[in-house]
Amino acid sequence: MPAHNVTSWTAIITAYVQSGECDEEAIELFCRMISGEQVYGYAVKLGLASVNCVGDSLISMYAKSRRMEDARKAFDILFEKNLVSYNAIVDGYTNYSLMKSQIQELVSMLLHLLAC
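Presented here is an overview of the structure given in this document. (Residues numbered from 1 in each chain as written. Predicted model: local features only at pLDDT ≥ 70, side-chain atom pairs only at ≥ 80, totals over all residues. Heavy atoms only, no water.)

**With respect to the overall build of the protein chain**
Condition: Helical segments are the DSSP runs of H or I of at least four residues, strand segments are the runs of E of at least two, and each set is numbered from the N terminus. A 1.4 Å probe rolled over the protein chains alone gives each residue an accessible area, and that area as a share of the maximum for its type sets the label: buried under 20%, exposed over 50%, partly exposed in between. When checking whether two residues touch, look at their non-hydrogen atoms; a contact exists if any pair is within 4.5 Å. Here the open area of atoms and residues is found with the Shrake-Rupley method and a 1.4 Å probe, where only the protein chains shown may cover a residue.
In terms of helices and strands, the protein chain carries seven helices and zero strands. The order of helices and strands in the protein chain, counted from the N terminus, is α-α-α-α-α-α-α. Counting the 116 residues in the protein chain, one finds 33% classified as buried. Contacts in the protein chain between residues far apart in sequence, at least 24 positions, make up 44% of those at least 6 positions apart. Total accessible area on the protein chain is roughly 7600 Å²; 58% of this is exposed by carbon and sulfur atoms.

**Regarding a negative patch on the surface**
The test is simple: Each patch is assembled from residues with relative accessible area greater than 30% and no salt bridge, linking like charges that lie within 9 Å and nonpolar side chains (Val, Leu, Ile, Met, Phe, Trp, Tyr) that lie within 5 Å. For this document, the term salt bridge refers to a Lys or Arg side-chain nitrogen within 4 Å of an Asp or Glu carboxyl oxygen. Positive charges are assigned to Lys and Arg, negative charges to Asp and Glu, while His and the chain termini are left out of the count. Charge positions are represented by NZ for Lys, CZ for Arg, CG for Asp and CD for Glu.
A grouping of Asp23, Glu24, Glu25 and Glu28 is seen on the molecular surface, where their side chains present a negatively charged patch. Its location among the elements puts Asp23 in helix H2 (residues 23–33). Asp23 gets classed as partly exposed once you look at its relative accessible area, which sits at 32%.

**Notes on unusual backbone geometry**
In terms of backbone geometry, most residues other than glycine have negative phi values and most peptide bonds are trans. Positive phi is not limited to glycine here, since Arg66 has a value of about 60 degrees. Within the element layout of this structure, Arg66 appears in the loop between helix H4 (52–64) and helix H5 (68–77). The class of Arg66 is exposed, set by a relative accessible area of 64%.

**Structural notes on the nonpolar core**
Put simply, the rule is: Definition of nonpolar core: a set of buried residues of the types Ala, Val, Leu, Ile, Met, Phe, Trp, Tyr and Cys, connected through side-chain atoms within 4.5 Å.
Grouped together as the largest cluster of nonpolar side chains are 23 residues, with contacts concentrated most on Leu58, Ile59 and Ile89. For this core, the secondary structure elements donating two or more residues are H2, helix H3 (36–45), H4, H5, helix H6 (83–95) and helix H7 (100–115). With six residues, H4 is the single largest residue contributor to this core. Contact partners of Ile89, with chain neighbours within four places excluded, come to Ile59, Met68, Ala71, Arg72, Phe75 and Met109.

**A look at the packing of H2 against H4**
Note the cut-off: Axis lines are fitted through C-alpha atoms, for helices just across the contact stretch, and the angle between N-to-C directions can take any value from 0 to 180 degrees. For classification purposes, an angle smaller than 35 degrees is called roughly parallel, one larger than 145 roughly antiparallel, one from 65 to 115 roughly perpendicular, and anything else oblique. With the far helix as reference, a near helix turned anticlockwise by less than a right angle produces a left-handed crossing, and one turned clockwise produces a right-handed crossing.
Running from amino to carboxyl end, H2 crosses H4 at an angle of 55 degrees, the nearest separation of the two axes being 10 Å. Here H2 is positioned oblique relative to H4, judged by the angle of their axes. As for how H2 packs across H4, the hand of that crossing is right-handed. For the pair H2 and H4, contact is made by Glu24, Ile27 and Cys31 and by Cys53, Val54, Ser57 and Met61, respectively.

**Brief notes about the pattern of salt bridges**
Taken as a whole and judged by the stated rule, the model has three salt bridges. Linking Arg67 and Asp70 is a salt bridge whose minimum nitrogen-to-oxygen distance equals 2.7 Å. In this structure Arg67 comes out as partly exposed when scored by relative accessible area, which is 28%. Put simply, Arg72 and Asp76 hold a salt bridge, and the shortest N to O gap is 2.7 Å. Residue Arg72 and its partner Asp76 are located together in helix H5, separated by four residues, close to a single helical turn.

**Concerning the side chain of Ser50**
By the element assignment, Ser50 lies in the loop between H3 and H4. Classification of Ser50 by relative accessible area gives buried; the value is 16%. The contact partners of Ser50, leaving out residues within four places of it in the chain, are Ile77, Leu78 and Phe79.

**As for the environment of Ile59**
Here Ile59 lies in helix H4. What Ile59 contacts, discounting residues up to four positions off in sequence, is Ala71, Ala74, Phe75, Leu78, Ser85, Ala88 and Ile89.

The structure is reproduced here in structure tokens:
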């Protein structure tokens, strides 16, 4: 299809979601359809930012874009942080130059996880 429109994007994203196994791919396509700023806004507005699969994808998206402050906001909004959530944020911090304050923040998060 030479030109994508909202209908074609919606059709493919819906197919991914309904398959039950392609949630991350669906979110990635949605992100391609709209800008990153809008993704987070939609997720919050729809109450999805605190859902693990959505939040984890947001963390990864922002981390890959080297936007660690935004990745941390997405991490903080999660109700239940799991191994995927921690891996996504740690991966983001470790893949990009860490400053001393970020390392301390990372250690603090890990200690919190171990205390739970």
